[in-house]
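Structure at a glance
So the chains spell out like this:
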Amino acid sequence: QGPKGKEFEKKWSEFTGAEESIAVTSCTAGLFLSLAAIGFKPGDEAIVPAFTWISTANVVENLGGKVVFADIDLKSFNINTDSIEKLITKKTKVLLPVHLFGLAADMGPIRDLAKAYGLFIIEDAACGFGAKFKGKHVGNFGDTGCFSFHPRKAITTGEGGMITTSNKELAEKIRCLRDHGAMISDLQRHLGPRPYLLADHTEAGHNFRMTDIQGALGNAQMKRANKIITEREKLAQKYNDAFRNIDWIQTPYEKKEYKHGYQSYPCLLKPNLFKMPSNNLEENIDLVNNKRNNFMEELQKNGISTRPATHAVHMLSYYKNKYKLKPNDFPNSYIANNCSISFPLFHGMQTHEQNYVIDRVSNFSL
């Protein structure tokens, strides 16, 4: 909580346009603190996309709440906003949209629903660096936005996260909870008139404080933030051009009102097999899944690392068993889990490296 951390928070606010930025130990910590600060309690419900990293659901569970899954849109991989309203009950307290892979969720209808039903919005913007919706950086649409600086992200502090909010009262509450429930931080105490006295603690808080060393790493990377975004856009566009005429690859969603941050480059394989409704859905998923896995194995043998875009949380053991869920309860998330692939895209990727990936993919027949 030293000067470098404060500087990083200031730079993040300037970059995203957020009124308040709060540095924490991870995006998961940010989501947890955000839920705690809005008073999320045991028995409350949170609507979460079924296709996301498990943290989005885990924070709800860890506070004693109930995860209510919503299916996704297969074009964007983000929450299907048409599926949300029918999931809202008297116990629903918060909507947790995810800006997956650097593409903003459709925040217009999400905000309308939150207003109509008196719900909070906490944006999981773990992948949201550089992502915008209608010209506005993600993390500025909900009550809070939570970002990740994990090593896989476009900028990293090793581990780390940031919370954004326009609500000063909420920001104060989060800062308190971040620091063991202390009324003032150690830095404020040391710079104050009586540094020898310890602060009062008004909450049973947590130790989710970003270190000053991590803040210094973040500051250095913010100096080249726009360069990193431009480079990722250039790499993604080259993939788009190269894969445009390959009918078995669905490239990342593009639309004028969205600015993609390209945290990763997720694609769907054999998209034409998943036109709904389908009597052979599970059979088609199994078919494409086997082909995808063989494809990834072949690329791995050629020195190209890939991975599924992410996982469908409702198919993971904890959630599957607790909520008695089946894969096809959320069919699009099921498809995305088994039939997606992310190709290499990273800062510093060389032209010959990307050309090699494109060549191997283009010469493969799925």
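Presented here is an overview of the structure given in this document.

Calculation criteria
- Once a new chain begins, its residue numbering starts again from 1 and follows that chain's sequence as written.
- Only residues with pLDDT of 70 or above have their local features reported here, since the model is predicted, and side-chain atom pairs are shown and tallied only from 80 upward, although totals for entire chains, interfaces and linings are computed over all residues.
- Side-chain descriptors were evaluated using all non-hydrogen atoms of the structure, hydrogens and water having been removed beforehand.
- The classification of residues rests on relative accessible area computed with a 1.4 Å probe and restricted to protein chains. Under 20% of the type maximum is buried, over 50% is exposed, and intermediate values are partly exposed.
- Segments assigned H or I by DSSP are reported as helices when at least four residues long, segments assigned E as strands when at least two residues long, and all are numbered from the N terminus.
- In this description, the arc belongs to the directions extending from the helix axis to the C-beta atoms.
- Two residues form a contact once any of their heavy atoms are found within 4.5 Å.
- A pair of strands is treated as paired once DSSP finds two or more bridges between them.

Here we come to helix α4 (residues 107–117). Among the residues of α4, M107, I110, L113 and A114 are the ones counted as buried. Viewed along the axis of α4, the buried residues span an arc of 125 degrees, placing them on a single side of the element. Counted as exposed and oriented over 90 degrees from the buried face of α4: D112, K115 and A116. Where α4 is buried, its residues meet β4 (92–95), β5 (120–124) and β6 (132–133). Residue G118 follows α4 closely and has a positive phi angle near 65 degrees.

Right, let's talk about the environment of P271 for a bit. As for its position among the elements, P271 is in the loop between β12 (265–269) and α9 (281–301). Residue classification places P271 among the buried positions, given a relative accessible area of 14%. Remark: the alpha-carbon pair of P271 and I249, spanning 22 residues in sequence, is separated by 7.1 Å. P271 has contacts with D247, W248, I249 and Q250, leaving out every residue within four places of it along the chain.

Within a sheet, each strand pairs with its neighbour through backbone hydrogen bonds, oriented either parallel or antiparallel. Here we have 3 strands laid out as an open sheet, ordered β7-β6-β11, and antiparallel in their pairing. On the outer flanks of this sheet lie β7 (136–137) and β11 (258–259), each paired with one strand and no other. Both β6 and β11 contribute to a ladder of 2 bridges, which runs antiparallel. Note on β11: the bridge partner recorded for K132 is K259.

With that out of the way, let us pick up helix α3 (residues 55–62). In terms of burial, α3 is a largely internal element, 6 of the 8 residues being buried. Of the surrounding elements, those touching the buried residues of α3 are α2 (27–37), β2 (45–49), β3 (66–70), β5 and α10 (317–322). After α3 finishes, the residue G64 shows a positive phi value of roughly 85 degrees.

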